[in-house]
Amino acid sequence: MRINAQPRLPLFPMFLRLDGKVCLVVGAGKVAEGKIQGLLVTGAKVRVVAPDATPGIARLARAGKLRWQAKRFQPADLAKAFLVVAATSSAEVHERVWRAAHRRNVFCNVVDDPARCDFFYSAVVRRGSLQIAISTGGRSPALAQQLRRHLERQFGAEYAEWLAELGRARRQSLATEPRLEKRKELAQQLARRGLKEMRFRNGNEA
């Protein structure tokens, strides 16, 4: 495993729409299975290249949830791919994937090798449409997971319902209030009121 000791610029945080985009995963073991599940929930078109696969990945392939090609990686497998995740036990394969991806300007993530990652998987708290993503830039995934568990205790299922209510209120405001500044003011008021109510429900009134 190679770790880049040089200082790196801050990452740009964003949430991507992957629905309909081709995402390639090289490898089909337990680690790859977790990466695949994260891609599938977004609606991505997941392709998997690996000689063998876990029973879980094989079941997903039989169900038509993904396309699994039981073969070794070739650079041509990157055709039409938006991003690629390399999750095998072979450093040689990872190097080939990394080099091929960069020649084709395909975003690449090589597991457990931050220096060969254009993007990182985040530890995510999901409450309906609310997503809180935590990243350590590949330096300590364990810390990111600890922080996720801490935030999961703070943000309960009620936040999903509350956010849905905020969304409905925003749509109504867009339809009835022509003034942008007024809409912003109303949105801020609703958000502040909701947060105060959530703190009260959780016994942390402020």
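The model shown is predicted, which means the values in this text are computed figures rather than measured ones. (Residues numbered from 1 in each chain as written. Predicted model: local features only at pLDDT ≥ 70, side-chain atom pairs only at ≥ 80, totals over all residues. Heavy atoms only, no water.)

**Some thoughts on the overall build of the protein**
Okay, so step 1: The helix and strand inventory of the protein stands at six helices and seven strands.
Okay, so step 2: In terms of its C-alpha atoms, the protein occupies a principal-axis envelope of roughly 55 × 40 × 35 Å.
Okay, so step 3: Here the protein holds 206 residues, and the buried ones make up 33% of them.
Okay, so step 4: Once local pairs closer than 6 in sequence are excluded, the contacts in the protein between residues at least 24 apart make up 50%.
Okay, so step 5: For the protein, the exposed area adds up to about 13500 Å²; of that, 53% sits on carbon and sulfur atoms.
Okay, so step 6: Distance between charge centroids for the protein: 4 Å, based on 38 positive and 18 negative side chains. (Helix = DSSP H or I, 4+ residues; strand = E, 2+ residues; numbered from the N terminus. Buried < 20%, exposed > 50% of the residue type's maximum accessible area, 1.4 Å probe, protein only. Contact = heavy atoms within 4.5 Å. Areas by Shrake-Rupley, 256 points an atom, 1.4 Å probe, with all protein chains shown as cover. Lys, Arg positive; Asp, Glu negative; His and termini not counted. Charge placed at Lys NZ, Arg CZ, Asp CG, Glu CD.)

**Points about the pairing of strand β5 (residues 107-110)**
If a strand is regular, its side chains alternate between the two faces of the sheet.
Okay, so step 1: For strand β4 (residues 81-86) and β5, the ladder comprises four bridges, and the chain directions are parallel. Across the sheet, residue alanine 86 finds its bridge partner in β5, namely valine 110.
Okay, so step 2: Of the crossover connections in this fold, the one passing from β4 over helix α3 (residues 91-103) to the parallel β5 is right-handed. (Pairing = 2+ DSSP bridges. Right-handed = clockwise from strand over helix to strand, strands pointing away.)

**Things to note about the sheet that holds strand β2 (residues 45-49)**
Okay, so step 1: A sheet is described by the order of its strands in space; here five strands give the open sequence β3-β2-β1-β4-β5, paired in parallel fashion. Each end of this open sheet is capped by a strand with a single partner; those strands are β3 (67-69) and β5. For this sheet, the mean angle separating the axes of adjacent strands, direction not counted, is 20 degrees.
Okay, so step 2: In the sheet, strand β1 (residues 22-26) pairs with β2 via five bridges, with the strands oriented parallel. Bridged to valine 22 within β2 is lysine 45. (Axes fitted to C-alpha atoms, helices over the stretch in contact; angles between N-to-C directions.)

**Focus on the confidence of the model for the protein**
Note that predicted coordinates carrying low pLDDT should not be read in detail.
Okay, so step 1: Scored by pLDDT, the protein has a mean of 90; 93% of the residues are at 70 or more.
Okay, so step 2: Segment residues 1-6: pLDDT under 50, and seven contacts once partners within four positions in sequence are set aside and those in other chains are kept. (pLDDT = per-residue confidence, 0-100.)

**Points about the packing of aromatic side chains**
Okay, so step 1: Evaluated as defined, the whole model comprises four aromatic pairs.
Okay, so step 2: An angle of 40 degrees between the planes, with centres 6.4 Å apart, marks the rings of phenylalanine 119 and tyrosine 121 as tilted.
Okay, so step 3: Its relative accessible area of 21% is what places phenylalanine 119 among the partly exposed residues.
Okay, so step 4: The rings of Phe155, Tyr159 and Trp162 are connected pair by pair, giving a single aromatic cluster.
Okay, so step 5: One Lys or Arg, lysine 21, reaches over the ring of phenylalanine 82 and ends 5.6 Å from the middle of that ring.
Okay, so step 6: Here lysine 35 stacks its cationic end above the ring of tyrosine 121, 4.3 Å away from the centre of that ring. (Phe/Tyr/Trp six-rings, centres within 6.5 Å; stacked < 30°, edge-to-face > 60°. Lys NZ or Arg CZ within 6 Å of the ring centre and 35° of its normal.)

**Some remarks on the pattern of salt bridges**
Okay, so step 1: For the structure shown, the criterion picks out six salt bridges.
Okay, so step 2: The salt bridge involving arginine 99 is made with glutamate 95; its shortest N-O contact spans 2.6 Å. Of this pair, arginine 99 and glutamate 95 both sit in helix α3, four residues apart, roughly one helical turn.
Okay, so step 3: The exposure class of arginine 99 is exposed, given its relative accessible area of 51%.
Okay, so step 4: Between arginine 116 and aspartate 113 there is a salt bridge whose closest N-O contact spans 2.9 Å. (Salt bridge = Lys/Arg side-chain N within 4 Å of Asp/Glu carboxyl O.)

**Focus: the nonpolar core**
Okay, so step 1: Of all hydrophobic cores here, the largest spans 19 residues; its most connected members are Val25, Ile36, Leu39, Val46, Val48 and Leu66.
Okay, so step 2: When contributions to this core are tallied by element, the ones reaching two or more residues are β1, α1 (30-40), β2, α2 (55-62) and β4.
Okay, so step 3: Of the residues forming this core, the biggest block, four residues, is contributed by α1.
Okay, so step 4: Beyond its immediate stretch of four places on either side in the chain, valine 25 contacts Ala32, Ile36, Leu39, Val46, Arg47, Val48, Val49 and Val85.
Okay, so step 5: Residues Leu24, Val26, Ala86 and Val110 belong to the second largest nonpolar core, which totals 16 residues. (Core = buried A, V, L, I, M, F, W, Y, C linked by side-chain atoms within 4.5 Å.)

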